[in-house]
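Topology and contacts: notes
These are the residues of each chain, in order.
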Amino acid sequence: MSDTIFTKIVRREIPADILYQDDLVTAFRDINPRAPTHILIVTNKPIPTAADVESEDEAALGRMFTVARKLSEQHSLERGYRLMVNCKEHAHQEVYHLHMHLFGGRPLGPMLVSVDD
Ligand code: 5GP
């Protein structure tokens, strides 16, 4: 499998506004923010989609949530935030390297407007 743009960001081969990195996950600002705070938390391991996770990935998947919580505190998102993972074409997944979006900083509206959206 060829490297994704996120694999290159994790390896610091291309620039990104990295806010956090450890042995399992890396967090950086989305290049096209859809909210005042829009951060991507990616697994360092290049798992393509949520449909490809294995039990051996559970530590990294859990870390995504604790890092999201820490980042939400650092960005004063005490009024709430949204965590989102897009999986494959029906969800408009753009980058095939598993990532969680952290959105916040304004009211985010309903999750989906209707079943037809
Ligand atoms: P997806 O639709 O796959 O869930 O979301 C991919 C996200 O990655 C999009 O919100 C898009 O703006 C962001 N993105 C795409 N390319 C880059 C990049 O090179 N750098 C950063 N920081 N974000 C990117």
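Everything discussed here concerns the structure shown above.
Residues numbered from 1 in each chain as written. Predicted model: local features only at pLDDT ≥ 70, side-chain atom pairs only at ≥ 80, totals over all residues. Heavy atoms only, no water.

**Notes on the nonpolar core**
Inclusion rule: By convention a nonpolar core is built from buried Ala, Val, Leu, Ile, Met, Phe, Trp, Tyr and Cys residues, the set being connected through side-chain atoms within 4.5 Å. Each residue is assigned to one of three classes by its accessible area relative to the maximum for its type, calculated with a 1.4 Å probe on protein chains only: buried under 20%, partly exposed between the two thresholds, exposed over 50%. Note on conventions: DSSP H or I runs of at least 4 residues are helices, E runs of at least 2 residues are strands, and numbering of each starts at the N terminus. Any two residues having at least one pair of non-hydrogen atoms within 4.5 Å are treated as being in contact.
Judged by nonpolar contacts, the single largest core of 13 residues is most densely connected at Ala27, Ile39, Ile41, Met64, Val67 and Leu71. At the level of elements, β2 (25-29), β3 (37-43), α2 (58-74) and β5 (99-104) are the ones that each hand at least two residues to this core. At four residues, the largest contribution of residues to this core is made by α2. Look past the residues within four positions of Leu71 in its chain and what remains in contact with it is Leu19, Ala27, Ile39, Ile41 and Leu102.

**A closer look at the site of the ligand**
Note the threshold: One heavy atom within 4 Å of a molecule or strand is enough for the residue carrying it to be called near that molecule or strand. Under this definition, polar contacts are N or O atom pairs within 3.5 Å; protein pairs additionally need one hydrogen-donor-capable and one acceptor-capable atom, and for neighbouring residues in sequence, both atoms have to be side-chain atoms. All accessible areas in this document rest on Shrake-Rupley with a 1.4 Å probe, and a residue is counted as covered only by the protein chains that are shown. Think of a 1 Å grid over the protein atoms and nothing else: a 1.4 Å probe that fits but is trapped marks a cavity, an open set flanked by protein within 12 Å on at least five of seven lines marks a pocket, and residues with an atom within 4 Å of a point count as lining. Assignment to a cavity or pocket requires that more than half of a molecule's atoms be within 2 Å of the site's grid points.
Surrounding the ligand, one finds 18 residues, the nearest of these being Asp30, Arg34, Glu94, His99 and His101. Contacts to the ligand include Asp30, whose side-chain N or O atom sits 2.5 Å from an oxygen atom. At 2.9 Å from an oxygen atom of the ligand is found a side-chain nitrogen or oxygen belonging to Asn86. For the ligand, whose accessible area on its own is 520 Å², the fraction buried by protein is 88%. Here the ligand occupies the largest pocket. Taken together, the elements giving at least two residues each to the shell around the ligand come down to α1 (5-10), β2, β3 and β5.

**A closer look at the side chain of Thr43**
Note that Thr43 resides in strand β3. Polar side-chain contacts of Thr43 include one of 2.8 Å to the backbone oxygen of Lys45. When residues no more than four places from it in sequence are discounted, the contact partners of Thr43 are Val10, Leu24, Val25, Ala60, Met64, His97 and Leu98.

**Considerations on a nonpolar patch on the surface**
Stated precisely, the cut-off is as follows: Every patch collects residues that have over 30% relative accessible area and no salt bridge, joining them within 9 Å if they carry like charges and within 5 Å if they are nonpolar side chains (Val, Leu, Ile, Met, Phe, Trp, Tyr). Any Lys or Arg side-chain nitrogen located within 4 Å of an Asp or Glu carboxyl oxygen qualifies as a salt bridge.
Taken together, the side chains of Phe65, Tyr81 and Leu83 present a nonpolar region at the surface, about 270 Å² in accessible area. Position of Leu83 relative to the elements: it lies in strand β4 (residues 81-84).

**Examining the packing of aromatic side chains**
Inclusion rule: Two rings from Phe, Tyr or Trp (for Trp, the six-membered ring) form a pair when their centres are within 6.5 Å of each other. A pair whose planes differ by under 30 degrees is stacked, one over 60 is edge-to-face, and the rest are tilted.
Applying the stated criterion across every chain, the model contains one aromatic pair. Seen from their ring centres, Phe6 and Phe28 are 5.3 Å apart, and the 70° between their planes marks the pair as edge-to-face. Placement of the pair is Phe6 in helix α1 and Phe28 in strand β2, with a sequence separation of 22 residues. For the pair Phe6 and Phe28, one class covers both residues: buried.

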